[in-house]
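Structural characterization, general
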Amino acid sequence: MLLKKLQLKTIDYKLMLTICFLLFFNTIISAQEVIKDVVAEKPVEAASINKQKVDGIIATVGDYIVLDSDIDKGYLEITAQGGSVKDITRCQMLGKLLEDKLYAHQAIQDSIIVSDAEVKSMMDERMTYMLRQTGGDINKIVEFYKKSSVEEFKTYFADILKEQKLSSEMQKKIVDAVEITPEEVRNFFKKIPKDELPTFGAEMEVAQIVVEPKVSKEDKQKVIDRLNSIRKDVLEGSSFATKAVLYSMDPGSAPAGGYYKMTRKTPFVKEFKDVAFSLAEGEISEPFETIYGYHIIMVDKIKGQEVELRHILISPTVSETALKEAKERITNIRNKIVNKEISFADAARNDSDQKETRANGGTLVNPNTQDTRFELTKMDAALYSQVSNLKDDEVSQPLLDTDDKGKKTYKLITVTNRIDEHVADYAKDYTKIKELALKEKQINAIAKWFDTKIKDTYIKIIGEYRDCTFTNNWLKK
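This write-up is about the structure you can find in this document.

Rules used throughout
Residues numbered from 1 in each chain as written. Predicted model: local features only at pLDDT ≥ 70, side-chain atom pairs only at ≥ 80, totals over all residues. Heavy atoms only, no water. Helix = DSSP H or I, 4+ residues; strand = E, 2+ residues; numbered from the N terminus. Buried < 20%, exposed > 50% of the residue type's maximum accessible area, 1.4 Å probe, protein only. Contact = heavy atoms within 4.5 Å. Areas by Shrake-Rupley, 256 points an atom, 1.4 Å probe, with all protein chains shown as cover. Axes fitted to C-alpha atoms, helices over the stretch in contact; angles between N-to-C directions. Parallel < 35°, antiparallel > 145°, perpendicular 65-115°, else oblique. Nonpolar A, V, L, I, M, F, W, Y, C, P; charged D, E, K, R; others polar. Expected span 1.5 Å × (residues − 1). Pairing = 2+ DSSP bridges. Salt bridge = Lys/Arg side-chain N within 4 Å of Asp/Glu carboxyl O. Core = buried A, V, L, I, M, F, W, Y, C linked by side-chain atoms within 4.5 Å. Phe/Tyr/Trp six-rings, centres within 6.5 Å; stacked < 30°, edge-to-face > 60°. Lys NZ or Arg CZ within 6 Å of the ring centre and 35° of its normal.

**Considerations on the overall build of the chain**
Broken down by element type, the chain carries 16 helices and 13 strands. Each of the 477 residues in the chain was classed as buried or not, and the buried ones make up 46%. Within the chain, residue pairs in contact and separated by at least 24 positions form 66% of the contacts whose partners lie at least 6 positions apart. Summed over all atoms, the accessible surface of the chain reaches about 25400 Å², with 51% contributed by carbon and sulfur.

See the structure below:
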């Protein structure tokens, strides 16, 4: 049983192993659950990467090939990120490469499309990161990948990124198709022997009240004028992507030239989606406001219900006077709560400026689990520092908070509930148990997918690698 393998000392041990595995072997794609290969009975030692050998094809999967040097490059990627390769055999590395090739091959068969714009965005983001690591010297990157020129490297790397994106999208398609019913969750829980039930760490529920400093009309107009100036430059021939890199305050998209791909179901704020889906290809919006600041959007491409766009975000500067007024306001709110004139929850509903939490009395939702509990050992470091010393029902002093976009607000925080470390309880821990049950079902779906696709796909492994022992039946024995 999966749970027995996990030991379940912590709720997502398997998930953490998976993420670490993928961080090592695939530096671009999103973390997905994979089936790991076991160590070969007669493994080819990792140290053998230092031996000089003639490079050649060692495997074929559909339309893709695997070179012996691809395994060496995998080791280089790990060591470049500070990881250890001593416990990773070449057979395991090959197993992971075969998985990626099969995912990518089948993605093409399933008509999954990765656009040039997506590849370019990934390339820009990755290049920005790598240039930071090399002090801005692109020649070091070219040398690392053993290419003769920047152009050769970029062509090679674009192919790698496209393949990895195809692999990622194929994995996502498999996992996203898996659903689980309450009955399946119940049966999953019943199968766990009592002495193997998972132990969940100490948790807490937290609520907050947020007061935003008021931005003056003059400061707002300065931002609108700046965006209009950028818009004018782009209409006259300047690069929108370059402007986004230089001026956008959105850390999630600025390094990639402001690029986003979205549908109407993508979790963006309504104002942003309304503008994005009102534009034609090549059109640039007028400046518009969201809770994050002011934006302009340029639509690159429309493909059915999907839009590829670039945007620039600039937030108005908050004056010292506005900050002082916000602090005075939130201090008055705190005094009313401490003096029992109003409850924390009612104060949040009446006075908090944060729409996402206001209706729930300020209660925070854990973004990783979508419930209201935060496990202490996995809590965001900044949030933990704010609540760790609070006693029951104690309200924090006003806290000046700056988010990742530079937006400043004042907060009051309180702990509304504490849950001690405990053995899993079906009623109390249903959300977490459902996650485990779903994860097991996803793993089984992936395993079944591999069994089916390996049978239907041309796969050939040659040389010493035919002695490897794989979890998946790559050798079709």
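That was the structure; now back to the text.
**Digging into the packing of helix 4 (residues 90-109) against helix 7 (residues 150-176)**
Two elements in contact, helix 4 and helix 7, have axes separated by 7 Å at closest approach and are oriented at 80 degrees. In terms of axis orientation, helix 4 runs roughly perpendicular to helix 7. Across the interface between the two elements, Asp100, Lys101, Tyr103, Ala104, Gln106, Ala107 and Ile108 of helix 4 pack against Glu163, Leu166, Ser167, Met170, Gln171 and Ile174 of helix 7. Looking at side-chain class alone, the contact of helix 4 with helix 7 contains seven nonpolar, three polar and three charged residues.

**A look at helix 4**
A rise of 1.5 Å per residue sets the reference length of helix 4, with its 20 residues, at 28 Å; its end C-alpha atoms lie 28 Å apart and thus fit the reference within 8%. Of all 20 residues making up helix 4, 18 are buried, and the element is well covered by its neighbours. Just past helix 4, the residue Ser111 takes up positive phi, approximately 60 degrees.

**Examining the pairing of strand 2 (residues 64-67)**
For a regular strand, the rule is simple: side chains alternate between the two faces of the sheet. Judged by which residues are buried, strand 2 turns out to be one-sided: Tyr64 and Val66 face inward and are buried, whereas Ile65 and Leu67, on the alternate face, are not. Following strand 1 (residues 57-61), the chain reverses through two residues before pairing antiparallel with strand 2; Gly62 in that reversal takes a positive phi of roughly 60 degrees.

**Digging into the sheet that holds strand 8 (residues 306-314)**
One open sheet holds the four strands; their spatial order is 5-8-7-6, and the pairing between them is antiparallel. Single-partner strands in this sheet number two, and they are strand 5 (259-262) and strand 6 (288-290). Recorded for the sheet is a direction-independent mean angle of 45 degrees between the axes of neighbouring strands. With three bridges joining them, strand 6 and strand 7 (residues 293-303) adopt antiparallel strand pairing. Note that in strand 7 the partner of Thr290 across the bridge is Gly293. Lying on the sheet, helix 9 (residues 217-235) is in contact with strand 6, strand 7 and strand 8; it crosses strand 7 at an angle near 30 degrees. Against the sheet, helix 10 (residues 240-247) touches strand 7 and strand 8, its axis set at about 40 degrees to strand 8.

**With respect to the pattern of salt bridges**
Counted under the stated rule, the structure contains 30 salt bridges. One salt bridge in this structure joins Arg90 and Asp72, with 2.8 Å as the shortest N-O distance. Here Arg90, found in helix 4, pairs with Asp72, found in helix 3 (residues 68-80); they are 18 residues apart in sequence, far enough to count as distant. Between Lys270 and Asp274 there is a salt bridge, and its shortest N-O distance comes to 2.7 Å. Here the residue Lys270 and the residue Asp274 both occupy positions in helix 11 (residues 270-276), the gap between them amounting to four residues, near one helical turn. Residue classification places Lys270 among the exposed positions, given a relative accessible area of 59%. Within the structure, one salt-bridge network assembled from shared partners comprises Glu203, Asp371, Arg373, Asp429 and Lys432.

**Observations concerning the nonpolar core**
General note: in soluble globular proteins, nonpolar side chains tend to be found buried as a group. Ranked by size, the top nonpolar core spans 37 residues in total, and within it Ile71, Leu94, Leu98, Phe450, Ile461, Phe470 and Trp474 carry the most contacts. Of all elements in the fold, only strand 1, strand 2, helix 3, helix 4, helix 7, helix 16 (430-456) and strand 13 (459-461) reach the threshold of two or more residues within this core. For this core, the element with the highest residue contribution is helix 4, accounting for nine residues. Every residue in contact with Leu94, bar those within four places of it in the chain, is listed here: Ile58, Ala59, Val66, Ile71, Ile461, Tyr465 and Phe470. If you look at the next biggest cluster of nonpolar residues, it comprises 14 residues, including Leu323, Ala326, Ala347 and Leu412.

**Brief notes about the packing of aromatic side chains**
Here the structure, examined in full by the defined rule, presents ten aromatic pairs. With a centroid separation of 5.2 Å and 35 degrees between ring planes, the pair formed by Phe268 and Phe272 is classed as tilted. You can call Phe272 buried: its relative accessible area is 2%. Ring geometry for Tyr426 against Tyr430: centres 5.7 Å apart, planes inclined by 90 degrees, an arrangement best described as edge-to-face. Exposure remark for Tyr430: the relative accessible area of 26% places this residue in the partly exposed category. In this structure an aromatic cluster arises from ring pairing among Tyr103, Trp449, Phe450 and Trp474. Sitting over the face of the ring of Tyr156, Lys147 holds its NZ or CZ atom 4.1 Å from the ring centroid.

Spatial relationships are all this shows, so hold off on functional conclusions.
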